[in-house]
Amino acid sequence: MSFKAAHIDIEKASLEWFGGNKDALNLFFSLVDLMQTWDDLIDRDRDVSQQEINNAFLTALVYIPANPFYQNIRVEITPMFMTAVAAFEVANKFEQDKDEHGLEIAHNLRFAVGHIVVFMVQSCVGYKKAMEILPEIWKTIVNERYEEYRKEHLDESV
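Quick caveat: nothing in here was measured; it's all calculated off a predicted structure.

**Student:** Describe helix α3 (residues 50-66), naming the residues involved and giving the relevant values.
**Tutor:** Its 17 residues give α3 an end-to-end C-alpha distance of 23 Å, which sits within 8% of 24 Å, the value for a rise of 1.5 Å per residue. The sharpest bend along α3 measures roughly 45 degrees and falls at T59. Of the positions making up α3, those classed as buried are A56, T59 and I64. Where α3 is buried, its residues contact α2 (22-43) and α4 (68-97).

**Student:** Outline α4, supporting the account with residue identities and numerical values.
**Tutor:** The terminal C-alpha atoms of α4, which comprises 30 residues, lie 40 Å apart, in line with the 44 Å expected from a rise of 1.5 Å per residue. Of all the bends in α4, the greatest, near 75 degrees, is centred on R74. The set of residues buried in α4 consists of F69, Y70, I73, I77, A84, A87, F88, A91, N92 and E95. Those residues of α4 hidden inside the fold are in contact with α2, α3, α5 (100-109), α6 (114-125) and α8 (146-153). Two or three places before F69, at the start of α4, stands the capping residue N67, its side-chain oxygen 2.8 Å from that residue's backbone nitrogen. Just beyond α4, the residue with positive phi is K98, at close to 55 degrees.

**Student:** Give me the lowdown on the nonpolar core, citing residues and values where you can.
**Tutor:** The biggest cluster of nonpolar side chains holds 28 residues, and the ones touching the most others in it are W17, F18, L27, F28, M120, V121 and I137. When contributions to this core are tallied by element, the ones reaching two or more residues are α1 (10-17), α2, α3, α4, α6 and α7 (127-141). Ranked by residues supplied to this core, first place goes to α2 with eight residues. The contacts of F18, once residues within four sequence positions are left out, are A13, A24, L25, F28, M120, V121, C124 and V125.

**Student:** If you had to explain the pattern of salt bridges to someone new, which residues and values would you point to?
**Tutor:** A complete count under the given rule lists eight salt bridges for this structure. Two residues, R46 and E52, come together in a salt bridge whose shortest N-O distance is 2.8 Å. Judged by its relative accessible area of 26%, E52 is partly exposed. We note a salt bridge from K129 to E132, for which the minimum N-O separation is 3.8 Å. Placement of the pair is K129 and E132 together in helix α7, with a separation of three residues, close to one helical turn. With relative accessibility at 53%, the residue E132 sits in the exposed group. Connected through salt bridges with shared partners, the residues D39, E95 and R110 form a single ionic network.

Scoring rules and cut-offs
Position numbers for residues count from 1 along each chain, tracking the sequence in the order it is written. Where local features are concerned, this predicted model is filtered to residues with pLDDT of at least 70; where side-chain atom pairs are given and counted, the filter is 80 or more; whole-chain, interface and lining totals use all residues. Hydrogen atoms and water are omitted, and side-chain values are computed over all heavy atoms in the structure. Secondary structure is summarised from DSSP: a helix means a run of H or I of at least four residues, a strand means a run of E of at least two, and numbering begins at the N terminus for each. The span expected for a helix works out to 1.5 Å for each residue beyond the first. The bend at a residue is defined as the angle formed between two axes, one fitted to the seven residues ending at that residue and one fitted to the seven starting there. Think of it in three bands: with a 1.4 Å probe and only protein chains considered, a residue is buried below 20% of the maximum accessible area for its type, exposed above 50%, and partly exposed in between. What makes two residues a contact is simply this: any of their non-hydrogen atoms within 4.5 Å. Residues adjacent in sequence count toward polar contacts only when both atoms are side-chain atoms; beyond that, a polar contact is any pair of N or O atoms within 3.5 Å, and within protein one must be able to donate a hydrogen and the other to accept it. We call a set of buried residues a nonpolar core when its members are Ala, Val, Leu, Ile, Met, Phe, Trp, Tyr or Cys and they connect through side-chain atoms within 4.5 Å of each other. Throughout this description, the term salt bridge denotes a Lys or Arg side-chain nitrogen within 4 Å of a carboxyl oxygen of Asp or Glu.

And the structure:
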């Protein structure tokens, strides 16, 4: 997942996306930071400091499990995390192989954690309200257009 938390209006996300649930918002930003560090470690497109790695482990082992919203939805999202990790690994394989069809698939797979965000939003604001705001949320999550991604991974100029 390569969407950046910096591009998100925190107040809007808190009120609209998560119905004012600060624990859900904190979980969201924890996931963004964790996944971005993981992505950077795998694709090596930027150096990751020791502190960022330490923070990622703290997030995964302490902050996320201690988050009250996570604790409430843990049972439901654990299988979703397993499929998101598998999708991330397959996406990385497709990227390494530089296969055009595989890259089309990989571009979608890289954002599989977004489905967990969708579940979080639905849990906070209900299905009906979520359906009104999910198009905007998905555009925020999948902020990299396929053509840019394709060029980057096929070593063409962007």
